[in-house]
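Secondary and tertiary structure notes
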Amino acid sequence: MNSNNPFFKTKSFKENNEVTHNATVIDYNDTMTVSGTINKSFLMLILLVASAAITWIMTTNGQNPMALTIGGAIVGFVLVLIATFKPQYSTFLAPGYAIFEGLFIGGISAIFEVMYPGIVIQAVSCTFVTFMVCFGLYKYEIVKVNEKFRSVVIAATLAIATYYLISWLLTLFTSFQPVHYGNSLMSIGISVIVIVVAALNLFLDFDQIEKGVAQKMPKYMEWYGAMGLMITLVWLYIEFLRLLSKISSRD
């Protein structure tokens, strides 16, 4: 396991690695590059923002965006599952994910903005700064990704995912109130921990993209890598929204 991110699972990269190295001739123009992955990440970001504007405008105009918001989240999740098992289709799945996930992000962001004016720009700024700091730490090898680092981050991520899932199921069938709900100091502390873990996943994503390039994986893996990175950034952004809303509600 190299990352909790479904797009960076060892199996997918190993399979593609075997296919690539069994080829008789490897054309550089047909293999994964860092610049290509970066360009596709920016394109996905543009698609996500443009799509988010749809549900954002709907909310500001007094329309109910929940159908598109929930629908976008569901379709986005389905596209993630398909790409996990069929990475060769990432060329089409990645842009689709950005568009549908954008509908979800736009709707959620608009709702938070109505409740706490100014929170969206704060969350975006925090996400951008966190990304740049993590990228700088990785690029200049201040933080190095090794097996121990991977194991700790993956274990922490799985623990968070398990806790969220169990808490959600309990709230559906019981009157259980998870400790991360509300704006208590403990709830805020949990949000901070989750944000730290999400940020640490960025290092795993950077590392896997770099390894994919070194292993001369197929060109479509640029979309696969960009999609995986986008998933982590979306998670980080949502967690910042949650944290900032908890802090704002205490004022």
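Residues numbered from 1 in each chain as written. Predicted model: local features only at pLDDT ≥ 70, side-chain atom pairs only at ≥ 80, totals over all residues. Heavy atoms only, no water.

1. Quick notes on the overall build of the protein chain
Looking only at helices and strands, one finds eight helices and zero strands in the protein chain. Listing each helix as α and each strand as β along the protein chain from the N terminus yields α-α-α-α-α-α-α-α. Put simply, the protein chain has 251 residues, and 46% of those count as buried. Considering only residue pairs separated by 6 or more positions, the protein chain has 85% of its internal contacts joining residues 24 or more positions apart. When the accessible surface of the protein chain is split by element, carbon and sulfur atoms take 71% of a total near 13100 Å². (Helix = DSSP H or I, 4+ residues; strand = E, 2+ residues; numbered from the N terminus. Buried < 20%, exposed > 50% of the residue type's maximum accessible area, 1.4 Å probe, protein only. Contact = heavy atoms within 4.5 Å. Areas by Shrake-Rupley, 256 points an atom, 1.4 Å probe, with all protein chains shown as cover.)

2. Points about the nonpolar core
Among the nonpolar cores identified, the biggest contains 46 residues, and M44, Y97, I238 and L241 are the most heavily contacted of them. Elements represented by at least two residues in this core include exactly helix 2 (34–60), helix 3 (66–85), helix 4 (90–115), helix 5 (119–139), helix 6 (147–173), helix 7 (185–214) and helix 8 (221–249). For this core, the element with the most residues is helix 8, which contributes 15 residues. Core analysis: the next-biggest nonpolar cluster, separate from the first, contains five residues, M32, M217, M221 and Y224 among them. (Core = buried A, V, L, I, M, F, W, Y, C linked by side-chain atoms within 4.5 Å.)

3. Re a nonpolar patch on the surface
Side chains of V34, I38, F42, L45 and V49 sit close together on the surface and give an oily, nonpolar patch of about 440 Å² of accessible area. Tracing the backbone through its elements, the reader meets L45 in helix 2. Among the residues examined, L45 registers a relative accessible area of 39% and is labelled partly exposed. (Patch = residues over 30% accessible without salt bridge, like charges linked within 9 Å, V, L, I, M, F, W, Y side chains within 5 Å. Salt bridge = Lys/Arg side-chain N within 4 Å of Asp/Glu carboxyl O.)

4. Thoughts on the environment of S41
Residue position: S41 is located in helix 2. C-alpha separation for the pair S41 and E222, spaced 181 residues apart in sequence, amounts to 8.6 Å. If sequence neighbours within four positions are ignored, S41 has contacts with A226, L229 and M230.

5. Topic: the pattern of salt bridges
Using the criterion set out here, one finds six salt bridges in the structure. The shortest N-O distance in the salt bridge between D207 and R150 comes to 2.6 Å. On the criterion of sequence distance, the pair formed by D207 in helix 7 and R150 in helix 6 is long-range, its members being 57 residues apart. Note on accessibility: D207 and R150 belong to one class, buried. Members of the salt-bridge network, linked through shared partners, are E147, R150, D207 and K211.

6. Digging into the layout of surface pockets
In this structure, the second largest pocket spans a volume of roughly 1100 Å³. As for the second largest pocket, its lining consists of 35 residues, of which F42, L45, F131, L229 and L233 are closest to the centre. Secondary-structure elements contributing two or more residues to the lining of the second largest pocket are helix 2, helix 4, helix 5, helix 7 and helix 8. Element by element, the count of residues in the lining of the second largest pocket is highest for helix 2, at eleven residues. (1 Å grid on protein atoms, 1.4 Å probe; cavity = no way out; pocket = protein on both sides within 12 Å on 5 of 7 lines; lining within 4 Å. Points joined across faces, edges and corners; volume = space filled by probe spheres on them.)

7. Observations concerning the packing of helix 2 against helix 8
One can describe the packing of helix 2 onto helix 8 by two numbers: an axis separation of 8 Å at closest approach and a directional angle of 50°. Looking at the two axes, helix 2 sits oblique to helix 8. Every pair of crossing elements has a handedness; the one defined by helix 2 and helix 8 is right-handed. Here G36, T37, K40, S41, L43, M44, L45 and L48 of helix 2 lie close against helix 8, whose contacting residues are E222, W223, G225, A226, M227, L229, M230 and V234. Residue composition of the contact of helix 2 with helix 8, grouped by class: ten nonpolar, four polar and two charged. (Axes fitted to C-alpha atoms, helices over the stretch in contact; angles between N-to-C directions. Parallel < 35°, antiparallel > 145°, perpendicular 65-115°, else oblique. Left-handed = near helix turned anticlockwise from the far one by under 90°. Nonpolar A, V, L, I, M, F, W, Y, C, P; charged D, E, K, R; others polar.)

8. Section: the packing of aromatic side chains
Counted by the stated rule, this structure contains six aromatic pairs. Between F131 and F206 the ring centres are 5.7 Å apart and the planes differ by 75°, which places this aromatic pair in the edge-to-face class. Note that F131 is positioned in helix 5 and F206 in helix 7, a separation of 75 residues in sequence. Looking at F206, the relative accessible area reads 8%, which means it is buried. Each member of the aromatic cluster is reached from another via a ring pair, and the members are F131, F135, Y138 and F206. (Phe/Tyr/Trp six-rings, centres within 6.5 Å; stacked < 30°, edge-to-face > 60°.)

9. Considering helix 5
The first and last C-alpha atoms of helix 5 sit 30 Å apart over 21 residues, in line with the 30 Å expected at 1.5 Å per residue. Among the residues making up helix 5, those that are buried are I119, V120, A123, T127, T130, C134, G136 and Y138. For helix 5, the elements touching its buried residues are helix 2, helix 4, helix 7 and helix 8. Phi turns positive, to about 55°, at E141, one or two residues after helix 5. (Expected span 1.5 Å × (residues − 1).)

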